[in-house]
Structures are given as C-alpha cells and as structure tokens.
Amino acid sequence: MAKKEVPAARQTTINAQPRLHQNAREIQAYGTVSHALPLELEEPVRLEMTEQLNLLLADTMTLRDLYKKSHWQVAGPTFYQLHLLFDKHYGEQIEIVDEIAERIQLLGGVSLSMAADVAETTRIERPPRGREEVPVQISRLLDAHRIIIGHCRQLARRASELGDDGTNDLVVSDVLRANELQVWFLSEHLVDVPLVQAEEPDVRKAG
Ligand SMILES: [Fe+2]
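Residues numbered from 1 in each chain as written. Predicted model: local features only at pLDDT ≥ 70, side-chain atom pairs only at ≥ 80, totals over all residues. Heavy atoms only, no water.

Participant: Sorry if this is basic, but what is going on with the nonpolar core here?
Facilitator: Generally speaking, soluble globular proteins have nonpolar side chains that are buried together. Of all hydrophobic cores here, the largest spans 41 residues; its most connected members are Leu53, Leu56, Leu57, Phe86, Ile100 and Leu186. Mapped by element, the contributors of at least two residues to this core are helix H2 (43-73), helix H3 (79-106), helix H5 (134-162) and helix H6 (165-187). Counting residues per element, this core draws most heavily on H5, at 11 residues. (Core = buried A, V, L, I, M, F, W, Y, C linked by side-chain atoms within 4.5 Å. Buried < 20%, exposed > 50% of the residue type's maximum accessible area, 1.4 Å probe, protein only. Helix = DSSP H or I, 4+ residues; strand = E, 2+ residues; numbered from the N terminus.)

Structure representation (structure tokens):
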C-alpha cells in the first residue's frame, strides 16, 4: 500500500520559541522620503520639510530633557512652584515632540529618535551634568526656547511658500504658540521685584 502524503504545512514542527536576535537591512534610510504619497506634495518639498522638522524635533527633544533636568535639580525658596512648573512644561513638550515626529513620518520621512542622534543634531548648548542656580536654569531654558521660536518663524514661512499648509499649521499653532507661552511663564521669574517689602517711593527717587 502506498504511503499517505502529509501536507507540507503539517510537516513543519510547531514551536513556541520566539525567534530572537533577528536582524535585517533597514527598510528606509534616514534623510529620505517615500517616493509617491497621495498628499499632493512633491518629493522635493517633503524632503526639505522633513529635514527642517527633524532639526526642530532635535531641539524640542533637548528642551524637553532640559525641563526634566531642571525639575529634578532645582533648589531654593521657589523650589516647589518651579518643580511643578518645569514638569508641566516638560509634559507639554512631550506632546509637541510626538506631533513633530509623526508629521515627519506622515510626510514620508524618517524621524530622529535616539538620544545620541539628537545630541549630534541639536543647536541647543549642552548643559553641565551638575546642578545650577535657578536664574541660570531659567536662562538656559529661555535660550533654548529662543532657538526653537526663531526656527519656527522661518520654517512656518517656508512651509507656506512651498504649499505645505499642514506643516505651517503645526509649526504655528502647536509649536510656536506653546513655546511663546512657556517663555512668558519663565521670563516673569527673572523680573527682580521685592519679595516681601515694597521699595519706598522716595528711596527710588533718590537713587
Ligand atoms: Fe517628578
């Protein structure tokens, strides 16, 4: 009697072991965009916008981390309010990071993501590992905001010129305006006003 054939699918041994340590070539190189997407935005436009958005992303990720560093390391009589304020801004920057990164992917590009790549790309000065005084912490944060805000204004204008209204809207409505508001909240802490007793009017005149 002839042997009964076992179907090919049943010959494979079923094994619950996950396939670990897999490796393969990248499916898309950094700095490229998908060739054709139904977005009515040409490839060169998407290339330029994703390159600029990656710079904005690297700076925003750096600012986000600068806020967490400041939240942990702050000291002094305003500790509690600044500890909370820095963490609030950190949370808002996390959301901005995600929006920028996903805009890059949506445009067919590849978002920066890892700390080492961010460190190589950002224009924000690297702070020391140690703790600094409150006015120095706030000055660093304001300098970082200034870099981001300046870039936002240029990028928004360029996106508009190229017809990329989505990027223009993201940069103005979500990045620029949030950064402007955070600058206000920070910079008011650097106004030197008396904490407990107002200065005498005649003392001011004499000075
Ligand atoms: Fe915390």
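Participant: Looking at this model, I keep getting lost on a nonpolar patch on the surface. Mind explaining?
Facilitator: A surface patch of nonpolar side chains, about 210 Å² in accessible area, is lined by Leu37, Leu39 and Leu106. By the element assignment, leucine 37 lies in the loop between helix H1 (8-11) and H2. On the accessibility criterion, leucine 37 (31% relative accessible area) is partly exposed. (Patch = residues over 30% accessible without salt bridge, like charges linked within 9 Å, V, L, I, M, F, W, Y side chains within 5 Å. Areas by Shrake-Rupley, 256 points an atom, 1.4 Å probe, with all protein chains shown as cover. Salt bridge = Lys/Arg side-chain N within 4 Å of Asp/Glu carboxyl O.)

Participant: Just to check I follow, could you spell out the side chain of histidine 145 for this structure?
Facilitator: By the secondary structure assignment, histidine 145 is in helix H5. There is a polar contact of 2.8 Å between the side chain of histidine 145 and the side chain of asparagine 179. The residues contacting histidine 145, other than those within four sequence positions of it, are Leu63, Tyr67, Gln93, Asn179, Gln182, Val183 and Leu186. (Polar contact = N/O pair within 3.5 Å; in protein donor to acceptor, adjacent residues only side chain to side chain. Contact = heavy atoms within 4.5 Å.)

Participant: Where do I start with unusual backbone geometry in this structure?
Facilitator: A negative phi angle is the norm for most residues apart from glycine, just as the trans form is the norm for most peptide bonds. Backbone geometry at histidine 21 places phi at a positive 50°, although glycine is not the residue there. Structurally, histidine 21 can be placed in the loop between H1 and H2. Overall, the relative accessible area of 80% leaves histidine 21 in the exposed class. Positive phi, close to 55°, is recorded for glutamate 40, a residue that is not glycine. With respect to the helices, strands and loops of the structure, glutamate 40 is situated in the loop between H1 and H2. You can call glutamate 40 exposed: its relative accessible area is 78%.

Participant: Could you clarify how one ought to interpret the packing of H3 against H6 in this entry?
Facilitator: The description of two helices packed together rests on the angle between their axes and the distance between the axes. It is the contact of H3 with H6, at a shortest axis distance of 11 Å, that shows an interaxial angle of 165°. Of the possible angle classes, the one that applies to H3 and H6 is roughly antiparallel. As H3 packs across H6, the resulting crossing turns out to be left-handed. Mapping the contact onto sequence places Leu85, Phe86, His89, Glu92, Gln93, Ile96, Glu99, Ile100 and Arg103 in H3 and Gly166, Thr167, Leu170, Asp174, Val175, Ala178, Asn179, Gln182, Phe185 and Leu186 in H6. Grouping the amino acids of the contact of H3 with H6 by side-chain chemistry returns 9 nonpolar, 6 polar and 4 charged. (Axes fitted to C-alpha atoms, helices over the stretch in contact; angles between N-to-C directions. Parallel < 35°, antiparallel > 145°, perpendicular 65-115°, else oblique. Left-handed = near helix turned anticlockwise from the far one by under 90°. Nonpolar A, V, L, I, M, F, W, Y, C, P; charged D, E, K, R; others polar.)

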